[in-house]
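Chain and residue survey
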Amino acid sequence: MARPLSVAIVGAGMGGLATAAALRRVGIDVMVYEQASQFARIGAGIQIGCNAMKVLRELGLEARMREHSFYPRSWNNRDWKSGDIKFDMIFGESAEEKFGAPYLLAHRGDLHAALASVVSNEFVRLNHKLVGLDETGDGVRLSFADGTRAIADAVVGADGVHSTVRDLLFDTSPAKFTGRIAYRTTYPAALLGGAGIDDCTKWWGEDRHIVIYYVKPDRSEVYLVTSQPEPDFRIESWSAKGDVRDLRASFEGFHPQVTRVLAACPDVHKWAIMDRD
C-alpha cells in the first residue's frame, strides 16, 4: 500500500494552520514548522468574510466562531470629521442569506486558537526557524537553525511577507516599507464609560484612516487599527509598543466617536506596514 503524501508547512499562522487542517481532512500527512517558541494572543482584530466562514464550516469551526465573534450589521464608511456616510456595506442576516454564511468580526487570537484546536500539537513543531530547502531523491529536505532536518514530498510556504520559503526558492527582492505605520489594539469596551460606537466603521481622513469595531458578541471588547504616514519608522513587530498619546495626536480633530475611543484606549501596539513585489 502506497504511503500518504507528506507535506511540510512553514508557518503556523492562520494560513498555515488552515492548510494543515484541510490537508489532514483528505488523508495527507502534514507537519507544521513555526519559528516562534509559543503562540501569543496579540491584540488585533480580523474580518472573517462569508467565503472564509464556509472554509471554517468545513473544518467544524462555525459554531465556535459564532460564539466568540461579533456579528455586525454593516461595514460603514464615514467621513473623518463630519461623520457623513460615504458607503455602507450591509452584512448581518441579509449577507448570510445571500452568500450562505455569516460575516464575522473576531479577535485574531480567537480565530488562531480555533484553527489550532483542529491541528493536534503532534503535527506542530515550534522553535523551528527554516534556513534551507533542497531537492533530494527522497523529497524536499528542510534545514532549520537548530541543526535539525526534515523530509517531505512537498513544502507550503505560509511564513508571511518576509517568507523564507519564497526567498530560498526564487530570486526575490526584500520586503519594502510602505512609509505608513499602523497602530492597533483591543481593550475592554467598559472603558468607554457607556458611550456607544457603531458596529464597525472605517473613518476616512485625508491621508490616514482608522477602523473601529467590536470583536466579541456581547460588545465587551473593542478593536481599532489605523493606517497613516510615518516614513522614518522602521520597526515591524507584532509586539512593539506605541505611545497612545502620539496616536491621539495623530487623529486630533476627527469625529467625536473616534476621539472618545482613543481617549479611552489604555495601550497600543505600533508596526511598520510592509509590502513586496
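Residues numbered from 1 in each chain as written. Predicted model: local features only at pLDDT ≥ 70, side-chain atom pairs only at ≥ 80, totals over all residues. Heavy atoms only, no water.

Some words on the overall build of the protein
Each helix and strand counted, the protein has eight helices and 17 strands in total. Relative to the globule expectation of 19 Å for 277 residues, the C-alpha radius of gyration of the protein, 21 Å, shows essentially globular dimensions. Viewed in the frame of its principal axes, the protein has a C-alpha envelope of about 65 × 45 × 30 Å. For the protein, the residues scored as buried account for 47% of the 277 residues in total. About 14,100 Å² of surface is accessible on the protein, with carbon and sulfur atoms providing 51% of the total. (Helix = DSSP H or I, 4+ residues; strand = E, 2+ residues; numbered from the N terminus. Rg over C-alpha atoms; globule rule 2.2 N^0.38 Å. Buried < 20%, exposed > 50% of the residue type's maximum accessible area, 1.4 Å probe, protein only. Areas by Shrake-Rupley, 256 points an atom, 1.4 Å probe, with all protein chains shown as cover.)

Brief notes about the sheet that holds strand β13 (residues 200-204)
Pairing between sheet strands relies on hydrogen bonds along the backbone, with the strands arranged either parallel or antiparallel. Strand order across the open sheet formed by eight strands is β5-β4-β13-β14-β15-β12-β17-β16, with mixed pairing between neighbours. Lying at the two open borders of the sheet, with one neighbouring strand each, are β5 (85-90) and β16 (241-242). Across six bridges, strand β12 (residues 176-188) lies against strand β17 (residues 268-275) in antiparallel orientation. In the sheet register, Ala182 faces β17, and the bridge partner there is Trp271. (Pairing = 2+ DSSP bridges.)

Let's talk about the nonpolar core
Counting 67 residues, the largest nonpolar core has Ile48, Met65, Ile210, Ile212 and Leu224 as the members making the most contacts within it. Met31, Tyr33, Leu133 and Ala150 belong to the second largest nonpolar core, which has 12 residues in total. (Core = buried A, V, L, I, M, F, W, Y, C linked by side-chain atoms within 4.5 Å.)

What about the packing of aromatic side chains?
Throughout the structure, instances matching the rule amount to seven aromatic pairs. With 4.8 Å between their ring centres and 35° between their planes, Tyr33 and Phe144 make a pair best called tilted. Here Tyr33 is found in strand β2 (residues 29-33), whereas its partner Phe144 is found in strand β9 (residues 139-144), with 111 residues between them in sequence. In this pair, the class of Tyr33 matches that of Phe144, namely buried. Note on Phe251 and Phe254: the rings are 4.9 Å apart at their centroids and 70° apart in plane angle, and the pair reads as edge-to-face. Note on accessibility: Phe251 and Phe254 belong to one class, buried. Ring-pair connections join several aromatic residues into one group, and the members of that group are Trp75, Tyr213 and Tyr223. (Phe/Tyr/Trp six-rings, centres within 6.5 Å; stacked < 30°, edge-to-face > 60°.)

Considering the environment of Ala189
Here Ala189 is to be found in the loop between β12 and β13. On the accessibility criterion, Ala189 (13% relative accessible area) is buried. For the pair Ala189 and Arg276, spaced 87 residues apart in sequence, the C-alpha to C-alpha distance is 36 Å. Aside from chain neighbours lying at most four places away, what touches Ala189 is Tyr214, Arg219, Ser220, Glu221 and Val222. (Contact = heavy atoms within 4.5 Å.)

Notes on the packing of helix α1 (residues 14-25) against helix α5 (residues 108-117)
Contact pair α1 / α5: the axes reach a minimum separation of 9 Å and the direction vectors enclose 25°. Here α1 is positioned roughly parallel relative to α5, judged by the angle of their axes. The handedness of the crossing between α1 and α5 comes out as left-handed. Across the interface between the two elements, Met14, Leu17 and Ala18 of α1 pack against Arg108, Leu111, His112, Leu115 and Ala116 of α5. Within the contact of α1 with α5, the residues separate by chemical class into six nonpolar, one polar and one charged. (Axes fitted to C-alpha atoms, helices over the stretch in contact; angles between N-to-C directions. Parallel < 35°, antiparallel > 145°, perpendicular 65-115°, else oblique. Left-handed = near helix turned anticlockwise from the far one by under 90°. Nonpolar A, V, L, I, M, F, W, Y, C, P; charged D, E, K, R; others polar.)

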